[in-house]
Amino acid sequence: MTVQIITTQPFAEQRPGTSGLRKKVSVFQHPHYLENFVQAIFNSLEDFQGKTLVVGGDGRYYNKTAIRTILQMAAANGFGHVLVGQHGLLSTPAVSAIIRKYQAFGGIVLSASHNPGGPEGDFGIKYNIGNGGPAPEKVTEAIYQHTRVIKEYRISQLPVPDLSMLGHHQLGNMGVEIIDPVADYAQLMKQLFDFEKIKDLFKTGFTLRFDAMHAITGPYAKTILEQQLGAPSGTVMNGEPLEDFGQGHPDPNLTYAHDLVDIMYAEQAPQFGAASDGDGDRNMILGNHFFVTPSDSLAILAANAHLLPGYQQGLRGIARSMPTSAAADRVAERLGIDCYETPTGWKFFGNLLDAGKATLCGEESFGTGSDHVREKDGLWAVLFWLNVLACRRQSVEAIVKEHWAEYGRNYYSRHDYEAIDAGAAQQLMDRLNQQFPHLPGKKFGNYTVETADDFSYIDPMDHSISTKQGLRVLFEGGSRIVFRLSGTGTEGATLRVYLESFEPEVSRQQLDAQVALAELIQIADQLANIQVLTGRDKPSVIT
Ligand code: VG1
Ligand code: CO
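Residues numbered from 1 in each chain as written. Chains lettered and ligands numbered in written order. Predicted model: local features only at pLDDT ≥ 70, side-chain atom pairs only at ≥ 80, totals over all residues. Heavy atoms only, no water.

**Structural notes on the nonpolar core**
Residues Phe193, Trp380 and Trp385 are the most contacted members of the largest nonpolar core, which totals 74 residues. Looking at this core element by element, the count peaks at 11 residues for helix α13 (residues 378-392). Lining this core are residues from two domains, each supplying at least three of them: domain 1 (3-180) and domain 2 (185-407). Once residues within four sequence positions are removed from consideration, Phe193 is found in contact with Ile198, Leu308, Pro309, Tyr311, Trp380, Leu383, Phe384 and Asn387. Counting 41 residues, the second largest nonpolar core, distinct from the first, contains Phe48, Leu110, Phe123 and Val160. (Core = buried A, V, L, I, M, F, W, Y, C linked by side-chain atoms within 4.5 Å. Buried < 20%, exposed > 50% of the residue type's maximum accessible area, 1.4 Å probe, protein only. Helix = DSSP H or I, 4+ residues; strand = E, 2+ residues; numbered from the N terminus. Domains from an automatic or database assignment. Contact = heavy atoms within 4.5 Å.)

**Overview of the layout of surface pockets**
Reported here for the largest pocket is a volume of approximately 1,200 Å³. Along its surface, the largest pocket is lined by 42 residues, and Gly17, Thr18, Leu485, Ser486 and Gly487 are the ones closest to its centre. Those elements that place two or more of their residues in the lining of the largest pocket are β2 (21-24), α5 (137-149), α15 (422-435), β23 (465-466), β25 (480-485) and β26 (493-503). Counted by class, the lining of the largest pocket contains 11 nonpolar, 18 polar and 13 charged residues. (1 Å grid on protein atoms, 1.4 Å probe; cavity = no way out; pocket = protein on both sides within 12 Å on 5 of 7 lines; lining within 4 Å. Points joined across faces, edges and corners; volume = space filled by probe spheres on them. Nonpolar A, V, L, I, M, F, W, Y, C, P; charged D, E, K, R; others polar.)

**Re the domain arrangement of the protein**
Here the protein is partitioned into domain 1 (3-180), domain 2 (185-407) and domain 3 (409-542). Averaged C-alpha coordinates put domain 2 and domain 3 at centres separated by 26 Å. Facing the 29 residues of domain 2 at the interface are 26 residues of domain 3. For the pairing of domain 2 and domain 3, the buried interface totals around 2,300 Å² over both sides, and the portion due to carbon and sulfur atoms is 56%. Where domain 2 meets domain 3, there are three salt bridges. (Buried area = accessible area lost by both parts, 1.4 Å probe. Salt bridge = Lys/Arg side-chain N within 4 Å of Asp/Glu carboxyl O.)

**A word on the pairing of strand β21 (residues 447-454)**
With two bridges connecting them, strand β20 (residues 443-444) and β21 associate as antiparallel partners. Residue pairing across strands places Lys443 opposite Thr448, the latter belonging to β21. Connecting the antiparallel pair β20 and β21 is a turn made up of two residues, with Gly445 showing a positive phi of about 55°. (Pairing = 2+ DSSP bridges.)

**Considerations on the site of ligand 1**
Around ligand 1, the structure places 19 residues, and the nearest of them are Thr18, Ser113, Ser365, Gly487 and Thr488. Asp277 places a side-chain nitrogen or oxygen 3.1 Å from an oxygen atom of ligand 1. In the environment of ligand 1, an oxygen atom lies 2.9 Å from a nitrogen or oxygen atom belonging to the side chain of Lys376. Here the shell around ligand 1 is composed, by residue class, of no nonpolar, 10 polar and nine charged. (Near = heavy atom within 4 Å. Polar contact = N/O pair within 3.5 Å; in protein donor to acceptor, adjacent residues only side chain to side chain.)

**Overview of the packing of helix α7 (residues 195-203) against α13**
Two elements in contact, α7 and α13, have axes whose closest approach is 9 Å; the angle formed by their N-to-C orientations is 70°. Taken together, the axes of α7 and α13 lie roughly perpendicular to each other. In this structure, α7 crosses over α13, and the sense of that crossing is left-handed. For the pair α7 and α13, the contacting residues are Lys197, Ile198, Leu201 and Phe202 in the first and Leu383, Leu386, Asn387, Leu389, Ala390 and Cys391 in the second. (Axes fitted to C-alpha atoms, helices over the stretch in contact; angles between N-to-C directions. Parallel < 35°, antiparallel > 145°, perpendicular 65-115°, else oblique. Left-handed = near helix turned anticlockwise from the far one by under 90°.)

**Regarding the packing of aromatic side chains**
If you walk through the whole model with that rule in mind, you get 21 aromatic pairs. Ring geometry for Phe28 against Phe123: centres 5.1 Å apart, planes inclined by 80°, an arrangement best described as edge-to-face. Here Phe28 is found in helix α1 (residues 25-28), whereas its partner Phe123 is found in strand β6 (residues 122-128), with 95 residues between them in sequence. For the residue pair Phe28 and Phe123, the accessibility class agrees, reading buried in each case. For the ring pair Phe291 and Phe366, a centre distance of 6.3 Å and an interplane angle of 50° mean the geometry is tilted. (Phe/Tyr/Trp six-rings, centres within 6.5 Å; stacked < 30°, edge-to-face > 60°.)

**With respect to the side chain of His169**
Mapped onto the elements of the fold, His169 is located in strand β8 (residues 167-171). With near-sequence residues (within four places) excluded, His169 lies in contact with Pro161, Met174, Gly175, Val176 and Ile178.

**Focus on empty space enclosed by the protein**
Evaluation of the coordinates by the stated rule reveals one cavity of 30 Å³ or more. Counting residues per element, the ones that place at least two in the lining of the largest cavity are α11 (327-335), α14 (396-407) and β19 (409-420). Counting residues per element, the lining of the largest cavity draws most heavily on α14, at three residues. For the lining of the largest cavity, the class distribution of residues is three nonpolar, three polar and three charged.

**Focus: the coordination of the cobalt ion (ligand 2)**
Protein-derived ligands of the cobalt ion (ligand 2) are Ser113 (OG), Asp277 (OD), Asp279 (OD) and Asp281 (OD), with the metal-ligand distances lying across 2.0 to 2.1 Å. Within one chain, the residues donating to the cobalt ion (ligand 2) are spaced in sequence as S-x163-D-x1-D-x1-D. Across the pair, Asp281 and Asp279 agree in class, each one buried. (Donors = N, O, S within 2.8 Å, 3.2 Å for Na, K, Ca; no water.)

The structure is reproduced here in structure tokens:
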């Protein structure tokens, strides 16, 4: 018998967070830990016998080991075929695209996204459903319930094909197709964007730097930007995926993407700069000495979408996560389309995209995407911007400033307090929440509280309810502060404080965001007693 049934016991807390199960590599290395979670995924699914599963990861440490185990378990559980990226590599948006293109049953992505990798770093696993998107909450909850009662898992003893060998292989009765990780994704991008126009832009000597941060987007960016669009070689930096991301933190923000930030703020800076994260679903957009907030980026993409072949027919709607600024709402209003406000995490966009209610989606955490897949998509956002730049032939800064002049500016910033004590973080949230009934009408300097609540969401399609999605203090005039605890960290807790104020007057829109938000920053500390309860006098990351 080549299939073994192994007896096992549940592990505590294999609960998927904002985006799958994330733990330290050392936790995943416990005997049966990965196997239990994978079997729990399979146990929560129905009617997958003989069907196709897509598997790939961001290349971090433990990726290949995990993929070999997953292939043996998929075979033993009765999948008919598995599509695997060569060397085990697939970006999150590519997995989504491949599931959709080949109508696979689902997919497994091995990644801890923007969290550091390596033997001391993080690992993660998430399940995507047949629409190509992250498992919705009812599926992740079912998986979690299975992890609590698991008694055995099934695994094949047969050898796994060499992941470097493209083409068809067998693992028992299951076919294993090792595919080029980039080809299907690149083909999809060609359908959405005007590659000829972008090529012409590069022919004029236009300069771009793309920082793949030694993570998954290296091969994608080199193929699409340098080979297909004619950007000079060297445009893509840190383009080799490394198991520990070169000891970096593959989170494309102003703190962790400092290599790129230094280049974009140097004297001879390129015209356009961009970076993506570990698994390729995030993007940071920079101009020459200029940073575009992800919330503004979403609004600007929406306002310019009609210029691009893939979106010429117009947008059906826009969706943004609750903490994301309301800049996109103003564009939606102008376009006469709906704007949806969802909880944090891409899984909440899936139903809106499937129902054709939204075309573009975005999160303040450097996530933007559209109905072309069911995940956020880093390189797609970069290509979108490139196509807009190729049409408008203006600088990034000029495009953003024109946008503010037309729509007003939503000053926005997120302050993260990473790896704080989990108990203190919970206490901070509880105490804050207790004040909420007394806040409406209360004045803090120039700001008067309108309402204060704990955000909850009813999915307009399946009517499922998600509660406790972030504490919001909304002030008169549209300013607000949101407090949330992260669901992706692996050390202690991470407090995120989101700050936003709206300035309609063009002449007053040139302030630095931290200056414009200074009073709100103070009010946030006053409300939540952040410095005292976290023991930190400043945030670890300011975006
Ligand atoms: C963070 C972001 C959230 C994003 C999630 C997954 O979650 O805030 O907007 O969807 O990461 O992104 P949290 O719970 O830590 O705030 V990724 O690039 O890990 O797939
Ligand atoms: Co990611």
